[in-house]
Amino acid sequence: MNLLLHMCCGPCSCYPVKKLRSDGIEPVGYFFNPNIHPYLEWDHRLKTAKEYADKVGLKIYTEEHYLLKDFLAKVMTIEEPDNPFLPRNRCRSCYAWRLDEAARFAAEQGFEAFTSTLFYSIHQQHEVMKEIAEACGKKYGIDFYYEDFRPGWQEGIDISLELGLYRQPYCGCIFSEEERFSKEIRKQRKKIGRAMKAERERMESLE
Ligand code: SF4
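Residues numbered from 1 in each chain as written. Predicted model: local features only at pLDDT ≥ 70, side-chain atom pairs only at ≥ 80, totals over all residues. Heavy atoms only, no water.

(A) Expanded view of the packing of aromatic side chains. Applying the stated rule across the entire model yields 14 aromatic pairs. Ring geometry for Tyr30 against Phe105: centres 4.1 Å apart, planes inclined by 10°, an arrangement best described as stacked. One end of the pair, Tyr30, is in strand 2 (residues 28-31); the other, Phe105, is in helix 4 (residues 89-108), with 75 residues separating them in the sequence. For the pair formed by Tyr30 and Phe105, the shared burial category is buried. In this structure an aromatic cluster arises from ring pairing among Tyr30, Phe32, Tyr61, Trp97 and Phe105. A cation over an aromatic ring shows up here: Arg45 above the ring of Tyr170, its NZ or CZ 5.1 Å from the ring centre. Here the basic side chain of Lys130 rests over the ring of Tyr146, its NZ or CZ set 4.5 Å away from the ring centre. (Phe/Tyr/Trp six-rings, centres within 6.5 Å; stacked < 30°, edge-to-face > 60°. Helix = DSSP H or I, 4+ residues; strand = E, 2+ residues; numbered from the N terminus. Buried < 20%, exposed > 50% of the residue type's maximum accessible area, 1.4 Å probe, protein only. Lys NZ or Arg CZ within 6 Å of the ring centre and 35° of its normal.)

Now the structure itself:
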């Protein structure tokens, strides 16, 4: 099968590429990630994706424009839930942009199908992305090749470490960077977590 694999980054590509190859599919990578900020981080992940591709002999296409302003224009008007444990609405928009572009590019380049390394992540909203990818496939008249790569999570980490790839400490956008490192947000999470736990216990005691 002639498959385009959208690559969210180098480390997340390790297991999907290995698995697809073991199934007899030689994917072609496509790096398109306007969700990665700031510039130096985006540049580092782009270089790491190329380094990975070079190390494992993977053909890749890369979109090399830093699109922070376009990303912000897409997500700044989106209302976010107050509870940091709830799925972020901006992520839906972020998945949709990347998967739409992957499907469009795959169709334009004559691939039979497309998929994404996003389906390897245990941190993303898997079912939401699946639904979006299916819709994008229909929109551009190209098959969405679905595979849940999450069972290979640890194996993918091990491969990336063996290859000496840079592993990023946060998802990508400037918001996720703040959520990862802000003491204030961590405190807020703990507080909400405690309140949710207390409420669960209260409900259980009523049963
Ligand atoms: S947290 Fe990750 S998936 Fe969500 S919007 Fe930011 S970069 Fe995209």
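(B) Inspection of the site of the ligand at higher detail. If you check the shell around the ligand, you find Asn35, Arg90, Cys91, Cys94, Tyr95, Arg98, Gln124, Cys171, Gly172, Cys173 and Ser176 and nothing else. Take the shell around the ligand: its biggest share by element is five residues, from helix 4. Of the residues contributing to the shell around the ligand, the split by class is five nonpolar, four polar and two charged. (Near = heavy atom within 4 Å. Nonpolar A, V, L, I, M, F, W, Y, C, P; charged D, E, K, R; others polar.)

(C) The arrangement of the packing of helix 4 against helix 5 (residues 126-140) in detail. Contact geometry of helix 4 with helix 5 gives a least axis separation of 9 Å together with a crossing angle of 35°. Here helix 4 and helix 5 pass one another in a crossing that is right-handed. Residues Arg92, Tyr95, Ala96, Leu99, Asp100, Ala103, Arg104 and Ala107 of helix 4 lie in contact with helix 5, whose contacting residues are Val128, Met129, Glu131, Ile132, Ala133, Cys136, Gly137, Lys139 and Tyr140. Counted by class, the contact of helix 4 with helix 5 contains 11 nonpolar, one polar and five charged residues. (Axes fitted to C-alpha atoms, helices over the stretch in contact; angles between N-to-C directions. Left-handed = near helix turned anticlockwise from the far one by under 90°. Contact = heavy atoms within 4.5 Å.)

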